[in-house]
Protein chains: 4
Amino acid sequence: MAKIPSAAPQRAAPKRINRSVVLQAGLAAFSLKGFNGASMRDIANEADTSLSNLYNYFPSKTFLLAQLLLDTGTDLYERLEAAVSGAEPRPTAQLAAAVTSYIGFIVDKPQASIVGISEIRYLEGPSRAEVTEVRDLTEQLFRRILADGNASGEFATGYPHDAARAIVTLCSAVSNWYRPEGRLGQQELAERYVEFSLGIARAH
Amino acid sequence: MAKIPSAAPQRAAPKRINRSVVLQAGLAAFSLKGFNGASMRDIANEADTSLSNLYNYFPSKTFLLAQLLLDTGTDLYERLEAAVSGAEPRPTAQLAAAVTSYIGFIVDKPQASIVGISEIRYLEGPSRAEVTEVRDLTEQLFRRILADGNASGEFATGYPHDAARAIVTLCSAVSNWYRPEGRLGQQELAERYVEFSLGIARAH
Amino acid sequence: MAKIPSAAPQRAAPKRINRSVVLQAGLAAFSLKGFNGASMRDIANEADTSLSNLYNYFPSKTFLLAQLLLDTGTDLYERLEAAVSGAEPRPTAQLAAAVTSYIGFIVDKPQASIVGISEIRYLEGPSRAEVTEVRDLTEQLFRRILADGNASGEFATGYPHDAARAIVTLCSAVSNWYRPEGRLGQQELAERYVEFSLGIARAH
Amino acid sequence: MAKIPSAAPQRAAPKRINRSVVLQAGLAAFSLKGFNGASMRDIANEADTSLSNLYNYFPSKTFLLAQLLLDTGTDLYERLEAAVSGAEPRPTAQLAAAVTSYIGFIVDKPQASIVGISEIRYLEGPSRAEVTEVRDLTEQLFRRILADGNASGEFATGYPHDAARAIVTLCSAVSNWYRPEGRLGQQELAERYVEFSLGIARAH
DNA sequence: AATGAATGAGGATTCATTCAT
DNA sequence: AATGAATGAATCCTCATTCAT
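Residues numbered from 1 in each chain as written. Chains lettered and ligands numbered in written order. Predicted model: local features only at pLDDT ≥ 70, side-chain atom pairs only at ≥ 80, totals over all residues. Heavy atoms only, no water.

Asks: I'd like to hear about the packing of helix H1 (residues 19–33) of chain C against helix H5 (residues 110–118) of chain C, residue by residue, with values.
Replies: Residue and element names in this part refer to chain C. Put simply, H1 and H5 touch, their axes get as near as 9 Å, and they point 65° apart. As for the relative orientation of H1 and H5, their crossing is left-handed in sense. Contacts between H1 and H5 involve Gln24, Leu27, Ala28, Phe30 and Ser31 on the former and, on the latter, Gln111, Ala112, Ile114 and Val115. Residues belonging to the contact of H1 with H5 are distributed by class as follows: six nonpolar, three polar and no charged. (Axes fitted to C-alpha atoms, helices over the stretch in contact; angles between N-to-C directions. Helix = DSSP H or I, 4+ residues; strand = E, 2+ residues; numbered from the N terminus. Left-handed = near helix turned anticlockwise from the far one by under 90°. Contact = heavy atoms within 4.5 Å. Nonpolar A, V, L, I, M, F, W, Y, C, P; charged D, E, K, R; others polar.)

Asks: A description of the relation of the copies chain D and chain C should follow, citing residues and the corresponding values.
Replies: Screw-axis analysis of chain D against chain C gives a translation of 0.0 Å along the axis, an RMSD of 0.1 Å, and a rotation angle of 180°. Such values leave the two copies arranged in the relation of a two-fold axis. Taking C-alpha positions as reference, the residue of chain D nearest the rotation axis is Gly199(D), located at 2.1 Å. The share of interface residues of chain D whose copies in chain C are also at the interface is 100%, consistent with both copies meeting through the same surface. (Least-squares fit on C-alpha atoms with pLDDT ≥ 70 in both.)

Asks: A description of the interface of chain D and chain C should follow, citing residues and the corresponding values.
Replies: Many analyses report the size of an interface as the accessible area lost when the parts associate. Contact with chain D, which involves 33 residues of that partner, is made by 33 residues of chain C. Interface area, chain D with chain C, both sides summed: about 2700 Å², of which 58% is carbon and sulfur. Per-residue buried area on chain D facing chain C is highest for Arg121(D), Tyr159(D) and Phe196(D); these three make up 23% of the total on that side. Between Glu119(C) and Arg121(D) there is a salt bridge; the shortest N-O distance is 2.7 Å. For the pair chain D and chain C, the interface holds nine residue pairs in polar contact (both at pLDDT 80 or more). For the side of chain D that touches chain C, the element with the highest residue contribution is helix H7 (residues 160–173) of chain D, accounting for eight residues. Looking at the side of chain D that touches chain C, its residues break down into 15 nonpolar, 10 polar and eight charged. (Buried area = accessible area lost by both parts, 1.4 Å probe. Salt bridge = Lys/Arg side-chain N within 4 Å of Asp/Glu carboxyl O. Polar contact = N/O pair within 3.5 Å; in protein donor to acceptor, adjacent residues only side chain to side chain.)

Asks: Break down the relation of the copies chain A and chain B for me, with residues and values.
Replies: Rotating chain A by 180° and moving it 0.0 Å along the rotation axis overlays it on chain B with an RMSD of 0.1 Å. Mapped onto chain B, 100% of the interface residues of chain A are again interface residues, and the two copies thus contact each other with one and the same surface.

Asks: Please set out the interface of chain A and chain B residue by residue, giving values where relevant.
Replies: Between chain A and chain B, the contact holds 33 residues from the first and 33 residues from the second. A per-residue breakdown of the area chain A buries against chain B is headed by Arg121(A), Tyr159(A) and Phe196(A), which together make up 22% of the total. For the pair chain A and chain B, the number of links is six salt bridges. For Arg192(B), the salt bridge identified is with Asp162(A), shortest N-O distance 2.6 Å. At the boundary of chain A with chain B, the tally comes to 10 residue pairs in polar contact (both at pLDDT 80 or more). Those elements giving two or more residues to the side of chain A that touches chain B turn out to be helix H1 (19–33), helix H5 (110–118), helix H7 (160–173) and helix H8 (186–202) of chain A. Here the side of chain A that touches chain B takes eight residues from H7(A), the largest share from any one element. When grouped by side-chain class, the residues that make up the side of chain A that touches chain B number 15 nonpolar, 10 polar and eight charged.

Asks: Before we move on, could you go through the pattern of salt bridges and cite the residues and values that matter?
Replies: With the rule as written, the count across this model stands at 44 salt bridges over all chains. Ionic pairing is found between Asp42(A) and Lys33(A), a salt bridge with its closest N-O pair at 3.3 Å. Residues Arg165(B) and Glu139(B) are paired through a salt bridge, measuring 3.9 Å at the closest nitrogen-oxygen approach. One end of the pair, Arg165(B), is in helix H7 (residues 160–173); the other, Glu139(B), is in helix H6 (residues 125–152), with 26 residues separating them in the sequence. By relative accessible area, Arg165(B) is classed as partly exposed at 22%. Beyond isolated ion pairs, a larger network of salt bridges with shared partners links Glu88(A), Arg90(A) and Glu154(A). (Buried < 20%, exposed > 50% of the residue type's maximum accessible area, 1.4 Å probe, protein only.)

Asks: I'd love a proper account of the protein's contact with DNA strand E, names of residues and values included.
Replies: Near DNA strand E, the surroundings consist of 36 residues, among which Arg16(B), Tyr57(B), Arg16(C), Ile17(C) and Tyr57(C) are the closest. Among all atoms of DNA strand E positioned within 4 Å of the protein, those belonging to sugar or phosphate total 63%. One of the backbone N or O atoms of Lys61(A) is found 2.9 Å from a phosphate oxygen in DNA strand E. Class assignment for the residues of the surface near DNA strand E results in 14 nonpolar, 16 polar and six charged. (Near = heavy atom within 4 Å.)

Asks: Explain the protein's contact with DNA strand F to me, and be specific about the residues and the numbers.
Replies: Near DNA strand F lie 37 residues; those nearest to it are Arg16(A), Tyr57(A), Arg16(D), Ser52(D) and Tyr57(D). Among the atoms of DNA strand F close to the protein, meaning within 4 Å, 62% are from sugar or phosphate groups. A distance of 3.0 Å separates a phosphate oxygen of DNA strand F from a polar atom in the side chain of Tyr55(B). Here Tyr57(D) contributes a side-chain N or O atom positioned 2.3 Å from a phosphate oxygen of DNA strand F. Within the surface near DNA strand F, the residues separate by chemical class into 14 nonpolar, 16 polar and seven charged.

Asks: Lay out the nonpolar core in plain terms, naming residues and giving numbers.
Replies: Formed by 127 residues in total, the largest nonpolar core has its most connected members in Leu95(A), Phe142(A), Leu95(B) and Phe142(B). Setting aside anything within four residues of it in sequence, one finds Leu95(B) in contact with Phe142(B), Ile145(B), Leu146(B), Phe155(B), Ile167(B), Ser197(B), Leu198(B) and Ala201(B). Core analysis: the second largest hydrophobic core is formed by 98 residues, Leu70(C), Leu76(C), Ile167(C) and Leu80(D) among them. (Core = buried A, V, L, I, M, F, W, Y, C linked by side-chain atoms within 4.5 Å.)

Asks: Tell me about the side chain of Ser113(B), and name the residues and values.
Replies: Residues and elements named next belong to chain B. Note that serine 113 resides in helix H5 (residues 110–118). Exposure remark for serine 113: the relative accessible area of 8% places this residue in the buried category. A polar atom in the side chain of serine 113 sits 2.8 Å from the backbone oxygen of lysine 109. Residue contacts for serine 113: discarding those within four places in its chain leaves Phe105, Ile106 and Ser175.

Asks: Let's hear about the packing of helix H7 (residues 160–173) of chain C against H7(D): which residues, and what values?
Replies: The contact between H7(C) and H7(D) brings their axes to 9 Å, and the two run at 110°. Relative to H7(D), the element H7(C) lies roughly perpendicular. Viewed along their axes, H7(C) and H7(D) form a crossing whose handedness is right-handed. On H7(D), the residues touching Ala166(C), Thr169(C), Leu170(C) and Ala173(C) of H7(C) are Ala166(D), Thr169(D), Leu170(D) and Ala173(D). Taken together, the residues of the contact of H7(C) with H7(D) sort by class into six nonpolar, two polar and no charged. (Parallel < 35°, antiparallel > 145°, perpendicular 65-115°, else oblique.)

Asks: I'd like a description of the packing of aromatic side chains, backed by residues and values.
Replies: Inspection of the entire model under this criterion finds 12 aromatic pairs over all chains. Their ring planes at 20° and their centres at 6.1 Å tell us that Phe35(C) and Tyr122(C) sit as a pair that is stacked. Residue Phe35(C) is found in the loop between H1 and helix H2 (40–47), and its partner Tyr122(C) is found in the loop between H5 and helix H6 (125–152); the two are separated by 87 residues along the sequence. Overall, Tyr122(C) belongs to the buried group, its relative accessible area being 15%. In this structure an aromatic cluster arises from ring pairing among Phe30(A), Phe35(A) and Tyr122(A). Cation over ring: Lys61(A) sits above Phe35(A), and NZ or CZ is 4.7 Å from the ring centre. (Phe/Tyr/Trp six-rings, centres within 6.5 Å; stacked < 30°, edge-to-face > 60°. Lys NZ or Arg CZ within 6 Å of the ring centre and 35° of its normal.)

Asks: Which residues make up the side chain of Glu139(D), and what are the values?
Replies: We classify Glu139(D) as buried; its relative accessible area is 13%. Filtering out sequence-adjacent residues up to four positions away, Glu139(D) remains in contact with Ala164(D), Arg165(D) and Val168(D).

This is the structure:
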């Protein structure tokens, strides 16, 4: 005889989630409303789970933000690293590769990009230091390219340090206004920003 | 001899404030904690007045933010306008004047600058439209200079529209990291950012 | 024309409360359910006000407890002091006065008495120190009487310090079981506890 | 030679616990933070097991408390019973034995002693009745001794019933302040409290 | 204008408990 | 027995705002 579930009241099967679902929900909520504007309830709704269940995955909202920022920063850095490593050794090619890759990251992960620039202000203590550290790696990567370019004569900025920061700033700020349905496709966008970056690198 | 008030119990004289005190307090609070992170109580403390008294000057927290953003945007635009008007008519000089003036604004009003870029996301409805409008004026100002420069041959970017946006972005982002006690003084900072901007304008 | 209140929806007149209403509500709630068992909502209900309004009077639940314990401890000490001061100078009379007064306090303020002994464990930091200090004054008062009695020969305990603590303990613990409707009236109760206390003071 | 488990990934051996581990953990937690202040998580941590595993041993937090109070009350009563049975039949010796034994219990099991007096308020229903019953046995034991002493002329209190309660109270309250590292050792403590108790018993 | 009291909704987090494995 | 994931109610407290004075 086939078992028929009794008519007794049954609670709905619990929806199993996992850490990455929560991370993604946090990204969605934070990118939409900001760290302080998004509530844990927002995140729970986004993750389609209960509020309290979030705390099985992250001990606090702040910790969740920290993890997101760390993941995002690391992800970005690794992409840049890989792109630069795979490019021709000439600084011009390397800068182009780095900028193209950066724009690619923003297009691929717009939410992470927005959270990555906007919400670090709300992080304090050791988490902040960790995130800052990764972020600094990215800037160093650009600094090295600029220094190499200056040395080889391909670039000519008198302030490679500041130029590196300017280029990083320029790229990262794209996430503030980029919309997939916008005027520019990823490739055009990248080409233009490569040009702007080279302009900065060669300015004197 | 001045009359000494009698020993009879008297309440402390209410502290008179005014609209601009509240605006400044809002700027301080929002720049420090963000729009959602700062409470009306924070603002009241900063303004050294009572919480409820704030509502004699602004009908809501959102309205206060709107006013701040509008004031800031207008202020910035007028500074840029004046600087450009006062500069030589050649696009290079005008771009230099505009960038220098922008950096000057950030150095003079760091709190307003931070709030100006970071908190517009939290504005909706007609207020947002107004603020966006002023902001667009600023971008137009740069667009015009770039177009003029392209026409005169001083600049050479193929994408004057995007270049203008890039330059505005570049300047405004300075407020995210500028510290008065930092490595660079206002003048050096301005000079370098003029160079970077010209680099962008001439990139091709 | 007499003003007739319009039919428009009106909110109920807000119930004005004051600090002592909150204190009394806290006493009721804590004595019934204990500090951790009583919620701020319980207290608000008892005070017939809104939960959030409590925070206009006390910054935290812990602070409310601290105030209650301090008030109670001070009140008790002052009663004892007054009773002893008003009694004959002989130690026997003084001890009798102190014990009688202590019992009177418990009968008059059973809630405060219960909270006073049971909930000090949940206080930490400087508040706790303050409360402990007042409590120590009370014990000192008994110590002095016992020492005097030993000196005069009326008492005979070899351990006046411990005897004082024992007597205080004995009195305060009455609040754990005393019920107004119980077998013993206040006077009988006091008489018996005076006898027990003298028994302790004379034990050797 | 014992087999070394292969390097294949394996979960850590689940930590086997038992009922008495949970009881002890509950004692530790409740004595430190009180029934309402201690969470099941606290208890699980103390027992070094998982939260949900606790429910394999006790159906609820309240049930755990009930068991603790019952065990403690029974344990104390049996100790007192044994001590009194083993003592000389004279009431003075019996009271001394009971008090000494009570103090011994507090010194041996300070956590149980604290929980035993402080947390019974949080028990309701039949469990409470059970615990109260055992507790009453203890008081009866003292009452009987006092009655015997009055009959034999060794004691003289006019209120043996209240004196018994007072003595029990006096002893049990020791757990509120006793610290092993304190001024008094167990023996001195016991001697003094025997003296105080005899003082009460003889008071008239 | 200015205040302090009041409110109801909502903030993050923890609670005791249960379920599936 | 043991675990970790899940839940819904409750925790303390803060929020923006309004009211009475």
